Every structure is written in structure tokens, then in C-alpha cells.
Amino acid sequence: NAGVTQTPKFRILKIGQSMTLQCTQDMNHNYMYWYRQDPGMGLKLIYYSVGAGITDKGEVPNGYNVSRSTTEDFPLRLELAAPSQTSVYFCASRRSEGSYEQYFGPGTRLTVT
Amino acid sequence: DQQVKQNSPSLSVQEGRISILNCDYTNSMFDYFLWYKKYPAEGPTFLISISSIKDKNEDGRFTVFLNKSAKHLSLHIVPSQPGDSAVYFCAASDMRFGAGTRLTVKP
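Report follows, based on the coordinates. For every chain, the first residue of the written sequence is number 1, and numbering continues from 1 along that sequence. To label them, take the chains in the order written and letter them from A, then take the ligands in the order written and number them from 1. Restriction of local features to residues with pLDDT of at least 70 applies here, the model being predicted, together with a cutoff of 80 or more for giving and counting side-chain atom pairs; totals for whole chains, interfaces and linings are based on all residues. Only heavy atoms go into the side-chain values, all of them from the structure, while hydrogens and water stay out.

## Some details on the interface of chain A and chain B
- Between chain A and chain B, the residue contacts involve 16 residues of the former and 17 residues of the latter.
- Buried area: the sum, over both parts, of the accessible surface (1.4 Å probe) that disappears when the two are put together. Between chain A and chain B, roughly 1400 Å² of surface is buried when both sides are summed, and carbon and sulfur atoms account for 64% of that area.
- Broken down residue by residue, the surface that chain A buries against chain B is led by L43, Y100 and F104 of chain A, which jointly contribute 39%.
- By convention in these notes, a salt bridge is any Lys or Arg side-chain nitrogen within 4 Å of a carboxyl oxygen on Asp or Glu. Connecting chain A to chain B are one salt bridge.
- Across the salt bridge formed by E59 of chain A and R96 of chain B, the nearest N and O atoms sit 3.3 Å from each other.
- Pairs of N or O atoms within 3.5 Å make up the polar contacts considered here, provided that, within protein, one atom can donate a hydrogen while the other can accept it, and that residues adjacent in sequence are counted only when both atoms are side-chain atoms. There are four residue pairs in polar contact (both at pLDDT 80 or more) connecting chain A and chain B.
- In this text, helices come from DSSP runs of H or I with a minimum length of four residues, and strands from runs of E with a minimum of two, each type numbered from the N-terminal end. Of all the elements in the fold, those that place two or more residues in the side of chain A that touches chain B are strand 4 (31–37) and strand 9 (87–94) of chain A. By the convention used here, residues are in contact when the closest approach between their heavy atoms is within 4.5 Å.

Okay, structure coming up:
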């Protein structure tokens, strides 16, 4: 049971490039989340999903897109990367309503230059 | 707007003493609160939670207190250990997080 896995661990992008951050969980959790953490700040919710085929915006969705075609996978797409997207990205999952505990992946450190 | 706030960016305590980490919230509709612990280069891990119908929840050395009238919760760690040194985040049931408090426990 690997929990929540994220790839890559590190990435450097040039301004205007695109990439996909991968997130997979093997706990059969319905709910999945993407957060970003900027230095000295808390986690800001980017997008979330309550099940396959259902996604919704969080606090800071601009510049990102997501999809949820399976229960296990929740990739985050960055189009036209900007320096403001330099951050550490965390993916998380949780079981369902009534269970609020989230399980986090190890994070992806992204630098846009 | 920041609905979950941790106003103390850092806290330093001596080993064996009590650590008290604070969190304030603005939305009285939150029905659950959680504390997470984060070590460098790792994702946050769940520590302890409390339902809004309770005012205290205890798990070993960790106790969370909830004061609904003040919209305030606190995490008490007794006794504090050097391994507790980490960043602690409080979170609400809408999955919003505070900015975190860096706890340093000195031997």
C-alpha cells in the first residue's frame, strides 16, 4: 500500500512551457485534492474532485487544469507556466464525507524561470 | 479571505515543557477541525482532529481544545519532545489550511 504518490519530485520549467504533475492513490479514496504551498504560507487549495468524472475549483485555480478519469489518478496540468507558479505542490486524498482526514503525497517542487 | 488563521509563525519550547499552538477561524459553519504535522521535504501527516460538537479531544501527548464562542482552537503537546519539531497546520472541514506554526523543541 503506497498511499499517495506524486511524480516528479522536482522540475524546472521555462516560462511558457507546460507540464502535468501526476498523482496516484491506491486507497480507493473518492476525494482527491491539489494544493500549493508557497514559502512561509499555508496550503492553498487549487482543485479538488469528489469522484471520477467530477472536479471543482478551489481557492487558486487560475493557470491550472485537472481531470479525474479514474478513482486512482488526479493529474494537475499547468499550461503556459509563469514564475508565480513556482511552488511546492501537494496532492491529497480522503475517503468520503464524514471522514475529514487527508493523506498527502510527498510533494513536487516546481520552479519556473 | 483567510478563514483559518495561525497568527504565530514560530514557537520555541524546552524539551519536557508544554507546547501550545493556536488557530482561529471565522466561519462558524465549520463542523470539523484537524491538525497536521509537516517535516521538511515531506507531505503533511494527520495528527489529531475534533468535531465541532466537542470541546476537547485527547490522543496521548496531544490534546486539541475547541472554543466555539471564540472561534478558537489550540493544540497542546505535553511533554514536548525534540522529535515534535516540525511545522503544524490547522485545517477546517472545507479543507482550508492555516499558514502554519514552526515548532522547535530544544533539548
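Once you've had a look at it, read on.
## Brief notes about a nonpolar patch on the surface
- Residues enter patches when they are more than 30% accessible in relative terms and free of salt bridges; like-charged ones are connected within 9 Å and nonpolar ones (Val, Leu, Ile, Met, Phe, Trp, Tyr) within 5 Å. Accessible surface area values rest on a Shrake-Rupley calculation with a 1.4 Å probe, where residue burial reflects the displayed protein chains alone. Nonpolar side chains collect at one region of the surface, where I18, I20 and V78 of chain B lie side by side and expose about 220 Å² of accessible area between them.
- You can see I18 of chain B is positioned in the loop between strand 2 (10–14) and strand 3 (19–25).

## As for the packing of aromatic side chains
All names here are of chain A.
- Planes of paired rings set the category: under 30 degrees apart is stacked, over 60 is edge-to-face and the rest tilted, where pairs are Phe, Tyr or Trp rings (Trp by its six-membered ring) whose centres lie within 6.5 Å. Counted according to the given criterion, the structure contains 14 aromatic pairs over all chains.
- Ring geometry for Y35 against F104: centres 5.7 Å apart, planes inclined by 40°, an arrangement best described as tilted. Linking Y35 in strand 4 with F104 in strand 10 (residues 103–104), this pair joins segments that are 69 residues apart in sequence.
- Given a relative accessible area of 0%, Y35 falls into the buried group.
- Note on exposure labels: buried denotes an accessible area under 20% of the residue type's maximum, exposed denotes more than 50%, and partly exposed covers the range between, all computed with a 1.4 Å probe on protein chains only. When its relative accessible area of 12% is taken as the criterion, F104 is described as buried.

## Considerations on the state of the cysteines
- Note on terminology: pairs of cysteine sulfur atoms within 2.5 Å are recorded as disulfides. Evaluation of the coordinates by the stated rule reveals two disulfides over all chains.
- The disulfide that involves C23 of chain A links it to C91 of chain A, with 1.8 Å between the sulfurs. Between C23 of chain A and C91 of chain A, the S-S torsion sits near -75°, and that sign places the bridge as left-handed. Residue C23 of chain A is found in strand 3 (residues 19–25), and its partner C91 of chain A is found in strand 9; the two are separated by 68 residues along the sequence.
- For C23 of chain A, a relative accessible area of 0% gives the class buried.
- At a sulfur-sulfur separation of 1.9 Å, the disulfide partner of C23 of chain B is C90 of chain B. In this structure, the disulfide formed by C23 of chain B and C90 of chain B twists by about 65° around the S-S bond and is classed as right-handed. Of this pair, C23 of chain B sits in strand 3 while C90 of chain B sits in strand 9 (residues 86–92), placing them 67 residues apart in sequence.

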